[in-house]
Amino acid sequence: MKGWQDSAYLVEVKAGERLAICQCGKSSNPPYCDGSHKGTEDKPFIETFKEDKTVLICGCLESKRKPYCDGSHSRL
Ligand code: FES
């Protein structure tokens with residue numbers, strides 16, 4: 001497995017909140033970017049949310065809908 005865990009992160013976001021979600025797999029604070037991608041070609045996925053909601057962020061880094069979970073972890 002190349003990700004951090006074999007399931008998704010359940011994250012509650014607020015309207016106007018901006019998240020930088022790690023896409024390199026090197027963050028020590030997953031699923032958030034901690035700057036560990038510096039020096040690589042990887043970049044975090046950055047999104048500002050328009051409403052309060054709960055999102056499922058991929059923890060296995062195998063999702064085809066990154067940074068969001070598509071259930072790929074269940075096939076690992
Ligand atoms: S630490 Fe992984 S994208 Fe920034």
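Provided above is the structure to which this section pertains.
Each chain carries its own residue numbering, running from 1 in the written order of its sequence. A pLDDT threshold of at least 70 governs which residues receive local features in this predicted model, and a stricter bar of 80 or more applies before side-chain atom pairs are shown or counted, although totals over entire chains, interfaces and linings include all residues. For side-chain calculations, the full set of non-hydrogen atoms in the structure is used, while hydrogens and water are omitted.

Undergrad: Summarise empty space enclosed by the protein; cite the residues concerned and give the values.
TA: The rule is simple: put a 1 Å grid over the protein atoms alone, call a set of points where a 1.4 Å probe fits but cannot get out a cavity, call an open set with protein on both sides within 12 Å along at least five of seven lines a pocket, and count a residue as lining if it has an atom within 4 Å of a point. Grid points are joined across faces, edges and corners, and a volume is the space filled by probe spheres set on the points. According to the stated counting rule, one finds one cavity of 30 Å³ or more in the structure shown. The volume enclosed by the largest cavity comes to roughly 40 Å³. Contributing to the lining of the largest cavity are Cys22, Gln23, Cys24, Ser27, Cys33, Asp34, Gly35, Ser36, His37, Lys43 and Pro44. Tallied by class, residues from the lining of the largest cavity come to four nonpolar, five polar and two charged. Under the scheme applied here, ten amino acids are nonpolar (Ala, Val, Leu, Ile, Met, Phe, Trp, Tyr, Cys and Pro), four are charged (Asp, Glu, Lys and Arg), and all others, including Gly, are polar.

Undergrad: Go over the environment of Lys38, please, and point to the residues and values.
TA: Helix and strand definitions follow DSSP, with helices as H or I runs of at least four residues and strands as E runs of at least two, each counted in order from the N terminus. Relative to the helices and strands, Lys38 resides in the loop between strand E2 (18–21) and strand E3 (45–48). Accessibility expressed as a relative area gives 68% for Lys38, which makes it exposed. Sequence spacing of Lys38 and Leu61 is 23 residues, and the spatial spacing of their C-alpha atoms is 18 Å. For every residue, the accessible area (1.4 Å probe, protein chains only) is compared with the maximum for its type, and the residue is labelled buried under 20%, exposed over 50%, or partly exposed between those bounds.

Undergrad: Describe the environment of Trp4, and please don't skip the residues or the numbers.
TA: Residue placement: Trp4 occurs in the segment before strand E1 (9–13). Along the sequence, Trp4 and Asn29 sit 25 residues apart, while their C-alpha atoms lie 9.8 Å from each other. Within 3.5 Å is the distance limit for a polar contact, defined as a pair of N or O atoms, with the added protein rule that one can donate a hydrogen and the other accept it, and that residues adjacent in sequence qualify only through two side-chain atoms. A polar side-chain atom of Trp4 sits 3.4 Å from the main-chain carbonyl oxygen of Ser27.

Undergrad: Got a sec to walk through the side chain of Ser27? Specific residues and values, please.
TA: With respect to the helices, strands and loops of the structure, Ser27 is situated in the loop between E2 and E3. Within the structure, the side chain of Ser27 is placed 2.5 Å from the backbone oxygen of Tyr32, a separation counted as a polar contact.

Undergrad: Explain the nonpolar core to me, and be specific about the residues and the numbers.
TA: The criterion is simple. A nonpolar core is a set of buried Ala, Val, Leu, Ile, Met, Phe, Trp, Tyr and Cys residues joined through side-chain atoms within 4.5 Å. Counting residues in hydrophobic clusters, the biggest one holds nine residues: Tyr9, Val11, Val13, Leu19, Ile21, Phe49, Val55, Ile57 and Tyr68. For this core, the secondary structure elements donating two or more residues are E1, E2 and strand E4 (53–57). Broken down by element, this core gets its largest block of residues, three residues, from E1. Note on contacts: a residue pair qualifies if any of its non-hydrogen atoms lie within 4.5 Å across the two residues. Apart from residues lying up to four places away in sequence, Tyr68 is in contact with Phe45, Glu47, Phe49, Val55, Leu56, Ile57, Cys58 and Ser63.

Just geometry here; none of it tells us what the structure is for.
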